[in-house]
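Each chain is listed here by its residues.
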Amino acid sequence: MPHTEPSLPVTGRPSDREGREGIVSRLTAPGAPFAVVRGEGGTPEYADGPRTLREFVETTWAYGDSVFLVDGERRWSYGEFFAAASALAVRMSERYGLRPGDRAVVGTRSLPEWQIAFWGAQLAGLVAVPLDVRGDGRVDGDALGAVLDDCAPGVLLVDGEWLERVGERAARRDGVRVVLFREGRAEGRLPGGVHVERYADFPAPDPWAAPPDVEPRPEDDSVILYGGGAQGAVTTHLAQAGAALDARYRAAAAALARGAVPGLGPVPETPVAFPFSCPVALAAVYGAMAVGGSVVSAETEGGEGVPYELEPTPVTEFRVTGPCGEPVPDGERGRLWVRGQSAPRGHWRDPETTAEAFDGGWFRTGDLAVRHGGGVTVVGRAGE
């Protein structure tokens, strides 16, 4: 069921003395729209708001004819997007026989279909496995095949370029379904042993049809992210819902900082330069969806290795350490740890490395980062 949000504070620009701390207090104090409570193990969590990504995406249906996805001259409204994602979710549940907890690989470039695939998986209660398909050495067929072996997906929601790289590996997996969104360079050269259904051949989505009758729990797995190698970091629905609320929080805090009323400004158009499979891009899309804004893919070739910023939020904390866990000064490169609602719960089906990755509730991400004031910049992967 769609959730309700408490009203945001209607106040003017904070005084210089009040500053950032005053804004945080307004938004996170008990009874405020982003009030924080302590969950199991003392992890900070938002007290209100969606607890699963399905709850979050269902609220976007209310935006109706507002533009959500922009691809050149093509525009997808929220209504069209939700209908397409729901139809795909029904197909995966009823025709393919996939059940909540099964994995769905999402492997396309940053196209509107990527969002349909990702959210179709969420509406079906599946665990989405977003994979980068950019043309660099990290995503060759062997690397992607190793990921397939690790997560054992029930369906591949991919484009032709991705399928061309891993077609033979996919063909060896019994029972796996393939939905092909855009053929691209692979047209006419698809592996003969792969059972492929083309998305373009699917019936037009019914705008009034409901998604499958499944209800994920906050503690259920939602997304597996492979940052490098065949080891996936698993986040729950509660964690991903926390990331979505983080986006709402940042938008509200920014509005208060400039003396505006949160939620009453112009609807934003959000260019996303990172691949949709990147956590930073996911957060940007969540932020646009939270306010009914539109998403424009601005992905550039060779985005691999480009530093990106992370902000600490009310339910997310970061620390940067040396190889042995010792603190490093601001401005120096170190290993990134994260703690909070949106942190991963561990590695996919690997309790040993999961135990090694946690320390007092802190999760070692495998990223290298530099701390600066109130945030961190991710600059690469450990061991690279």
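Everything that follows concerns the structure shown earlier in this document.
How each quantity is defined
Going along each chain's sequence as written, the residues are numbered from 1 onward. Where local features are concerned, this predicted model is filtered to residues with pLDDT of at least 70; where side-chain atom pairs are given and counted, the filter is 80 or more; whole-chain, interface and lining totals use all residues. For side-chain calculations, the full set of non-hydrogen atoms in the structure is used, while hydrogens and water are omitted. Helix and strand definitions here come from DSSP, where helices need a minimum of 4 consecutive H or I residues and strands a minimum of 2 consecutive E residues; each element is numbered from the N-terminal end. In this description, contact between two residues means that some pair of their heavy atoms is separated by no more than 4.5 Å. To obtain each axis, a line is fitted to C-alpha atoms, and for helices this fit is confined to the stretch in contact; angles are then taken between N-to-C directions over 0 to 180 degrees. The cut-offs work like this: below 35 degrees is roughly parallel, past 145 is roughly antiparallel, 65 to 115 is roughly perpendicular, and the gaps in between are oblique. Throughout this entry, Asp, Glu, Lys and Arg are counted as charged residues, while Ala, Val, Leu, Ile, Met, Phe, Trp, Tyr, Cys and Pro are counted as nonpolar. The remaining residues, Gly among them, count as polar. For every residue, the accessible area obtained with a 1.4 Å probe (protein chains only) is divided by the maximum for its type, and the residue is called buried under 20%, exposed over 50%, and partly exposed between those limits. Here a cavity denotes a set of grid points, spaced 1 Å apart and computed over the protein atoms alone, in which a 1.4 Å probe fits but from which it cannot get out, and a pocket denotes an open set meeting protein on both sides within 12 Å along at least five of seven lines; residues with an atom within 4 Å of a point are reported as lining. Grid points are joined across faces, edges and corners, and a volume is the space filled by probe spheres set on the points. For the purposes of this section, nonpolar cores are sets of buried Ala, Val, Leu, Ile, Met, Phe, Trp, Tyr and Cys residues that join through side-chain atoms within 4.5 Å. Given a helix with a known number of residues, its expected span is that number minus one, times 1.5 Å. Between 30 and 60 degrees the pair is tilted, below 30 it is stacked and above 60 it is edge-to-face, where a pair is any two Phe, Tyr or Trp rings, Trp via its six-membered ring, whose centres lie within 6.5 Å. Only lysine NZ and arginine CZ atoms are considered, and such an atom sits over a ring when it is within 6 Å of the ring centre and within 35 degrees of the ring normal.

Caption draft 1: Structural view of the overall build of the chain. Scanning the chain from terminus to terminus reveals 9 helices and 20 strands. Summarising the internal contacts of the chain: among those between residues at least 6 apart in sequence, 65% fall at separations of at least 24.

Caption draft 2: Expanded view of the packing of helix α4 (residues 112-123) against helix α8 (residues 279-290). With their axes 13 Å apart at the nearest point, α4 and α8 run at an angle of 85° to one another. Accordingly, the angle class assigned to the pair α4 and α8 is roughly perpendicular. Along the contact surface, α4 presents Trp114, Gln115, Phe118 and Trp119, while α8 presents Leu282, Val285, Tyr286 and Met289. Considering only residue class, the contact of α4 with α8 consists of 7 nonpolar, 1 polar and no charged.

Caption draft 3: Expanded view of the side chain of His347. In this structure, His347 sits in strand β17 (residues 346-347). Its relative accessible area of 10% is what places His347 among the buried residues. With sequence-adjacent residues up to four places away left out, His347 is seen in contact with Gln231, Gly232, Ala233, Val234, Thr353, Thr354, Ala357 and Phe363.

Caption draft 4: Seen up close, the layout of surface pockets. Computed from the structure, the second largest pocket encloses a volume of approximately 430 Å³. Thr43, Glu45, Leu238, Gly340 and Gln341 are, among the 19 residues lining the second largest pocket, the residues nearest its centre. Contributing elements (two or more residues each) for the lining of the second largest pocket: α7 (237-257) and β16 (333-340). Among the elements that make up the lining of the second largest pocket, the one with the highest residue count is β16 (3 residues).

Caption draft 5: Expanded view of the nonpolar core. Of all hydrophobic cores here, the largest spans 50 residues; its most connected members are Phe81, Phe118, Trp119, Leu157, Tyr286 and Met289. The element best represented in this core is helix α3 (residues 78-95), accounting for 8 residues. Setting aside anything within four residues of it in sequence, one finds Tyr286 in contact with Leu53, Phe56, Phe118, Trp119, Gln240, Ala243, Ala244 and Ala247. Within the second largest apolar cluster, 22 residues are counted, among which are Val127, Leu131, Leu148 and Cys151.

Caption draft 6: Main features of the environment of Ala124. By the secondary structure assignment, Ala124 is in the loop between α4 and β6 (127-130). Residue class for Ala124 comes out buried when judged on its relative accessible area of 1%. A C-alpha to C-alpha distance of 4.9 Å links Ala124 and Ala89, two positions 35 residues apart in sequence. Beyond its immediate sequence surroundings of up to four residues, Ala124 is in contact with Ala89, Ser93, Pro100, Pro212 and Val214.

Caption draft 7: Here's a closer look at α4. An ideal rise of 1.5 Å per residue puts 16 Å on 12 residues; α4 measures up with 17 Å between its terminal C-alpha atoms. Buried within α4 we find Pro112, Glu113, Trp114, Gln115, Ile116, Ala117, Phe118, Trp119, Gly120, Ala121, Gln122 and Leu123.

Caption draft 8: Up close: the packing of aromatic side chains. Applying the stated rule across the entire model yields 15 aromatic pairs. When the ring of Tyr63 is compared with that of Tyr78, the centres are 5.1 Å apart and the planes differ by 55°; the resulting orientation is tilted. Note that Tyr63 is positioned in the loop between α2 (53-59) and β3 (67-71) and Tyr78 in helix α3, a separation of 15 residues in sequence. Tyr78 sits in the buried class, given a relative accessible area of 0%. Among the aromatic side chains, those forming a connected cluster through ring pairs are Phe56, Trp114, Phe118, Trp119, Phe276 and Tyr286. Over the aromatic face of Phe202 sits the side chain of Arg91, whose NZ or CZ is 3.7 Å from the ring centroid.

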